[in-house]
Amino acid sequence: MRLTLPFDSPLPGTSFRWLLWSDALTLLAMMVGQVALPWWIAQSGGAHDLAVYGVLVAAMSFVALPLLSPFADSRPKRRLMVTGLLGFGVATGAMALFAWRGHYRLDVVVAIEAITVLAGALVMPATNSIVTELVPPAALSRALGLQQTAQAGGRLVGPALAGALLAGAGTAPTLALGALLLLAAALLATRLPQPERGAAPQARGRWADEVRVGLRVNWAIPIERGWVVCNFIGALFMVPCVALLAPLKVQSLGLSAAWLGGCEAGMSLG
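Residues numbered from 1 in each chain as written. Predicted model: local features only at pLDDT ≥ 70, side-chain atom pairs only at ≥ 80, totals over all residues. Heavy atoms only, no water.

Caption draft 1: Fine view of the overall build of the protein chain. The secondary structure content of the protein chain amounts to 10 helices and zero strands. Along the protein chain, helices and strands appear, N-terminal first, in the series α-α-α-α-α-α-α-α-α-α. When burial is assessed residue by residue, the protein chain has 39% of its 270 residues classed as buried. Within the protein chain, residue pairs in contact and separated by at least 24 positions form 82% of the contacts whose partners lie at least 6 positions apart. For the protein chain, the exposed area adds up to about 14700 Å²; of that, 69% sits on carbon and sulfur atoms. (Helix = DSSP H or I, 4+ residues; strand = E, 2+ residues; numbered from the N terminus. Buried < 20%, exposed > 50% of the residue type's maximum accessible area, 1.4 Å probe, protein only. Contact = heavy atoms within 4.5 Å. Areas by Shrake-Rupley, 256 points an atom, 1.4 Å probe, with all protein chains shown as cover.)

Caption draft 2: Structural view of the packing of helix H9 (residues 222–252) against helix H10 (residues 257–269). With their axes 10 Å apart at the nearest point, H9 and H10 run at an angle of 145 degrees to one another. The handedness of the crossing between H9 and H10 comes out as right-handed. Of H10, the residues touching H9 (which contributes Cys241, Val242, Ala246, Pro247 and Val250) are Trp259, Leu260, Glu264 and Met267. Across the contact of H9 with H10, the residue classes tally to eight nonpolar, no polar and one charged. (Axes fitted to C-alpha atoms, helices over the stretch in contact; angles between N-to-C directions. Left-handed = near helix turned anticlockwise from the far one by under 90°. Nonpolar A, V, L, I, M, F, W, Y, C, P; charged D, E, K, R; others polar.)

Caption draft 3: The arrangement of a nonpolar patch on the surface in detail. Nonpolar side chains collect at one region of the surface, where Trp219, Val229, Phe232, Ile233, Leu236 and Phe237 lie side by side and expose about 660 Å² of accessible area between them. Considering every element that reaches the nonpolar patch, the biggest residue donor is H9, with five residues. If you trace the backbone, Phe237 turns up in helix H9. On the basis of relative accessible area, Phe237 is assigned to the exposed category, the value being 60%. (Patch = residues over 30% accessible without salt bridge, like charges linked within 9 Å, V, L, I, M, F, W, Y side chains within 5 Å. Salt bridge = Lys/Arg side-chain N within 4 Å of Asp/Glu carboxyl O.)

Caption draft 4: Looking closely at the environment of Leu122. The residue Leu122 is located in helix H4 (residues 106–129) in this model. Spatially, the C-alpha atom of Leu122 lies 7.9 Å from that of Leu65, the residues being 57 residues apart in sequence.

Caption draft 5: Quick look at helix H6 (residues 140–168). Look at H6: 42 Å from first C-alpha to last across 29 residues, which is about the 42 Å you get at 1.5 Å a residue. A bend of about 25 degrees at Val157 is the largest found in H6, and the proline Pro159 appears one to four places after it. For H6, the full list of buried residues reads Ala143, Leu146, Gln147, Ala150, Gln151, Gly154, Gly158, Pro159, Ala162, Gly163 and Leu166. At the C-terminal side of H6, Gly170 shows a positive phi close to 110 degrees. (Expected span 1.5 Å × (residues − 1). Bend = angle between axes of the 7 residues up to and from the residue.)

Caption draft 6: Broad picture of helix H7 (residues 171–189). Here H7 spans 27 Å end to end across 19 residues, near enough to the 27 Å set by a 1.5 Å rise per residue. If you check which residues of H7 are buried, you get Thr171, Ala172, Thr174, Leu175, Gly178, Ala179, Leu181, Leu182, Ala185, Ala186, Leu188 and Ala189. At its buried positions, H7 is contacted by helix H1 (16–68), helix H3 (77–101) and H6.

Caption draft 7: Structural view of the nonpolar core. Among the nonpolar cores identified, the biggest contains 66 residues, and Phe16, Leu19, Trp40, Tyr53 and Val109 are the most heavily contacted of them. Going through the elements one at a time, H1, H3, H4, helix H5 (131–134), H6, H7, H9 and H10 are the ones with two or more residues in this core. With 22 residues, the single largest contributor to this core is H1. (Core = buried A, V, L, I, M, F, W, Y, C linked by side-chain atoms within 4.5 Å.)

Caption draft 8: Broad picture of the packing of aromatic side chains. Enumeration according to the criterion identifies two aromatic pairs in this entry. Note on Trp40 and Phe98: the rings are 5.7 Å apart at their centroids and 75 degrees apart in plane angle, and the pair reads as edge-to-face. Of this pair, Trp40 sits in helix H1 while Phe98 sits in helix H3, placing them 58 residues apart in sequence. Considered together, Trp40 and Phe98 belong to a single accessibility category, that of buried residues. Considering the side-chain rings of Trp40 and Tyr104, the 5.5 Å spacing of their centres and the 80 degrees angle between planes classify their relative orientation as edge-to-face. With Trp40 in helix H1 and Tyr104 in the loop between H3 and H4, this pair connects stretches of sequence that are 64 residues apart. Taking the relative accessible area as the measure of exposure, Trp40 reaches 7% and is therefore buried. An aromatic cluster is present here, built from Trp40, Phe98 and Tyr104 joined pairwise through their rings. (Phe/Tyr/Trp six-rings, centres within 6.5 Å; stacked < 30°, edge-to-face > 60°.)

The values are spatial; any link to function lies outside them.
Set out below in structure tokens:
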């Protein structure tokens, strides 16, 4: 008797299952990195380096996401996903090699992390919007639910896996695992169909004008305005807790990285 998983039940007539598995592996790899890298920085550079790293990565994300997100509307999404995941995987592999050599330098860590920030800014908008090209409109609600399930699975398993591997094998093998998962996600993304060419895309306005219009529309709709405010306030307190305070607290208590992975897996479960 064959065990049937939710990811093995794609919507009829689509290659949606490849997106689900690619999404799950991508989030799994990202969570592995979000546990392994702060743990390594906290061990090697302490609270000061971890705080500097967090501020710089946040600043880069604040710039990269709005700048690169429009590409998901004007470029083939499959190409963006594959390119971004390959870049993400190569950068994570370089970080693993750097950790394996044992020569910690914050500037090198931040430089490599800048590549992953840019890659993520390409991948995530394309991943979240490609569903409409893979499934018919009538199945869109179910497809989005399955995608959220796949992503949630990666968020839950990733921290626990990273904590266990960090405690048993160290930083370099954990980051190497993340690189392999990202390359596997890129390989799965190549299985996604290339949508047929339709009508020529409409001319686009200036980037700043489009951002301004999008913000105005979001703020004009009460449910969108509330969602944006809620997410902003939640992230304002949650992100420093996950990326900065949790690694430092676990280390100050003399606990192993497995405890950090368990803490972050518990937050993902919540």
